[in-house]
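Structure assessment
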Amino acid sequence: GQQVMQIPQYQHVQEGEDFTTYCNSSTTLSNIQWYKQRPGGHPVFLIQLVKSGEVKKQKRLTFQFGEAKKNSSLHITATQTTDVGTYFCAGKTSYDKVIFGPGTSLSVIP
Amino acid sequence: EPEVTQTPSHQVTQMGQEVILRCVPISNHLYFYWYRQILGQKVEFLVSFYNNEISEKSEIFDDQFSVERPDGSNFTLKIRSTKLEDSAMYFCASRGYRDGGEKLFFGSGTQLSVL
């Protein structure tokens, strides 16, 4: 079936270092969304990308959608302790089905 | 910001019992979802619901599961005969419109423990 994969599964960084998580789908996606889940919390929407090759920025976060609309990345510049959590990409694979990747869990060492 | 509310926050039940998880989506939203997350694992799609019927469902959503929108505000997930492997955090989500933004708003979840 349709799968959305993410790497790495875990990432430990020193505060101030950069962080990147990569998302890959087995099929072409109509759009991709990114969510953040703090420990003990629920997923919170960060952004949606729709167009092939799209790049969006939110302060220190940069999101990219691949040309083939099958992969995406989230890059955080100069991580802070508030960035701790699990970052999920989520792809809309059909009419009304949004599939989440397994997530990348980010730890930031102060 | 408007919120999706879920009750109860924790539910403990015996294997084989029926449970109903309740959700109040954001008031002007039209699309509703249930996801579940087993501890530390991925957020798994269960079902989507629009216009009083199921739009899509996953392989997990078998005959033991059902959803209902009994009135204009509530959206429920029923598990008829719970199994140990149904233990998970269940998240309800809703969204407001089809085109453009498809942002999912998640509730805080119901932690279901099946003993």
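What this report covers is the structure whose coordinates are included nearby.

Thresholds applied
Residues numbered from 1 in each chain as written. Chains lettered and ligands numbered in written order. Predicted model: local features only at pLDDT ≥ 70, side-chain atom pairs only at ≥ 80, totals over all residues. Heavy atoms only, no water. Phe/Tyr/Trp six-rings, centres within 6.5 Å; stacked < 30°, edge-to-face > 60°. Helix = DSSP H or I, 4+ residues; strand = E, 2+ residues; numbered from the N terminus. Buried < 20%, exposed > 50% of the residue type's maximum accessible area, 1.4 Å probe, protein only. 1 Å grid on protein atoms, 1.4 Å probe; cavity = no way out; pocket = protein on both sides within 12 Å on 5 of 7 lines; lining within 4 Å. Points joined across faces, edges and corners; volume = space filled by probe spheres on them. Nonpolar A, V, L, I, M, F, W, Y, C, P; charged D, E, K, R; others polar. Contact = heavy atoms within 4.5 Å. Pairing = 2+ DSSP bridges. Axes fitted to C-alpha atoms, helices over the stretch in contact; angles between N-to-C directions. Polar contact = N/O pair within 3.5 Å; in protein donor to acceptor, adjacent residues only side chain to side chain.

Digging into the packing of aromatic side chains
Residue and element names in this part refer to chain A. Summed over all chains, the structure comprises 16 aromatic pairs over all chains. Ring geometry for Tyr35 and Phe45: centres 5.6 Å apart, planes at 75°, overall edge-to-face. With a gap of ten residues between them, Tyr35 in strand β4 (residues 32-37) and Phe45 in strand β5 (residues 44-49) connect regions that are remote in the sequence. The same class applies to Tyr35 and to Phe45, which are both buried.

Points about the layout of surface pockets
Empty space among the atoms becomes apparent when a probe as large as a water molecule is rolled across them. In this model, the largest pocket occupies a volume close to 570 Å³. Of all the secondary structure elements, the ones that give two or more residues to the lining of the largest pocket are β9 (85-94) and β11 (104-109) of chain A together with β9 (88-95) of chain B. Its residues assigned to classes, the lining of the largest pocket shows eleven nonpolar, 15 polar and two charged.

Some points on the environment of Arg22(B)
With respect to the helices and strands, the residue Arg22(B) is situated in strand β3 (residues 19-24). With sequence-adjacent residues up to four places away left out, Arg22(B) is seen in contact with Thr5(B), Gln6(B), Thr7(B), Trp34(B), Phe75(B) and Thr76(B).

A look at the sheet that holds strand β1 (residues 5-7) of chain B
Residues and elements named next belong to chain B. Pairing within the open sheet is antiparallel, and its four strands lie in the order β1-β3-β8-β7. The open sheet has two free edges, formed respectively by β1 and β7 (65-68), since each of these has just one partner strand. The mean inter-strand angle of the sheet, taken between neighbouring strand axes irrespective of direction, is 20°. Bridge count for β7 against strand β8 (residues 75-79) is four bridges, and the pairing is antiparallel. Pairing of Ser66 across the sheet is with Lys78, part of β8.

Here we look at the side chain of Gln6(B)
All names here are of chain B. Its place among the elements puts Gln6 in strand β1. Separated by 2.9 Å, the side chain of Gln6 and the backbone oxygen of Tyr90 make a polar contact. Engagement of the side chain of Gln6 in a polar contact is seen with the backbone nitrogen of Gly109, the distance being 3.0 Å.

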